[in-house]
Amino acid sequence: MFSETNKRPDLQVVLASKVYLIDVTIVNPTAPSNLCHSQKVLGQATAAEKTKIRKYEELSSQQNCTFVPFVIEVYGGIGKMAQEFLNEVSVFAHDHMTVYSRFDVVNGLKYAIACSVQRLLWIVL
């Protein structure tokens, strides 16, 4: 997508006129290198969000996009910015569909994410 840089966001999502660049990260808060941040709830997710924002800040401003570091902790925590993005998706879906409620959309996405993380961990282990 951006051949002039080594930065490769995982997804580009367009919701109406708003464009998002998303980079997914899965972190283990109990890994020895992460324990310093893991003393707080979602501490490692917050630290990973900050790292990703620094990495993609320039690219997202050049592309006039909103960058979302989509951080998931292996034990089920979802980073603040990922949660905010899921809420924006649910509002968009609700405004453009009448079949599902916002609650159903967010829960369906969280379920799919949780299943994907578990499958990934199963493969890695």
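Residue numbers here run from 1 along each chain, matching the order of that chain's written sequence. The model is predicted, so local features are restricted to residues of pLDDT at least 70 and side-chain atom pairs to those at 80 or more, both for listing and for counting; the totals for chains, interfaces and linings are taken over all residues. To get the side-chain values, take all heavy atoms of the structure and skip hydrogens and water.

Quick look at the confidence of the model for the chain now. Think of pLDDT as the predictor's per-residue confidence, scored from 0 to 100. Confidence in the prediction for the chain averages 87 pLDDT; 94% of positions are at 70 or higher. Strands here are runs of E lasting at least two residues and helices are runs of H or I lasting at least four, both read from the DSSP assignment and numbered beginning at the N terminus. Across the chain, element-level confidence peaks in strand E3 (residues 66-73) with a mean pLDDT of 95 and bottoms out in helix H3 (residues 102-124) with 85.

We now examine the pairing of E3. The buried label goes to any residue with under 20% of its type's maximum accessible area, the exposed label to any with over 50%, and the partly exposed label to all in between, with areas taken from a 1.4 Å probe on protein chains only. When you tally the buried positions in E3, you get 7 out of 8 residues, the bulk of the element. One bridge is not enough; two strands pair if DSSP finds at least two bridges between them. Bridge analysis of strand E2 (residues 18-27) against E3 gives 8 bridges, and the strand direction is parallel. Bridging from a neighbouring strand, Val24 pairs with Phe70 of E3. With helix H1 (residues 43-62) bridging E2 and the parallel E3, this β-α-β connection has right-handed handedness. Seen with its strands pointing away from the viewer, a crossover is right-handed when the path leading from the first strand over the helix to the second is clockwise.

A word on the side chain of Glu73. Among the secondary structure elements, Glu73 is positioned in strand E3. Although Glu73 is buried, it makes no salt bridge; Lys40 carries the closest opposite charge, 12 Å away. Reaching out from Glu73, the side chain makes a polar contact with the backbone nitrogen of Ala45 at a distance of 3.2 Å. Residues are treated as being in contact if the distance between any of their heavy atoms lies within 4.5 Å. In this structure, Glu73 is in contact with Val27, Pro29, Leu42, Gly43, Gln44 and Ala45, ignoring residues within four places of it in sequence. The charged-residue count follows a simple rule in which Lys and Arg add positive charge and Asp and Glu add negative charge, with His and chain termini not counted at all. We count a salt bridge whenever a side-chain nitrogen from Lys or Arg sits within 4 Å of a carboxyl oxygen from Asp or Glu. Under the rule applied, a polar contact is a pair of N or O atoms within 3.5 Å (in protein, one hydrogen donor and one hydrogen acceptor; residues adjacent in sequence only if both atoms are side-chain atoms).

What follows covers the pattern of salt bridges. All told, the structure shown has 2 salt bridges when counted by the stated rule. Linking Lys18 and Glu88 is a salt bridge whose minimum nitrogen-to-oxygen distance equals 3.9 Å. Note that Lys18 is positioned in strand E2 and Glu88 in helix H2 (residues 80-96), a separation of 70 residues in sequence. The exposure class assigned to Lys18 is partly exposed, which follows from its relative accessible area of 38%. Assessed through its relative accessible area of 33%, Glu88 is described here as partly exposed. The residue Asp23 makes a salt bridge to Lys52 at a minimum N-O spacing of 2.7 Å. With Asp23 in strand E2 and Lys52 in helix H1, this pair connects stretches of sequence that are 29 residues apart. Exposure remark for Lys52: the relative accessible area of 17% places this residue in the buried category.

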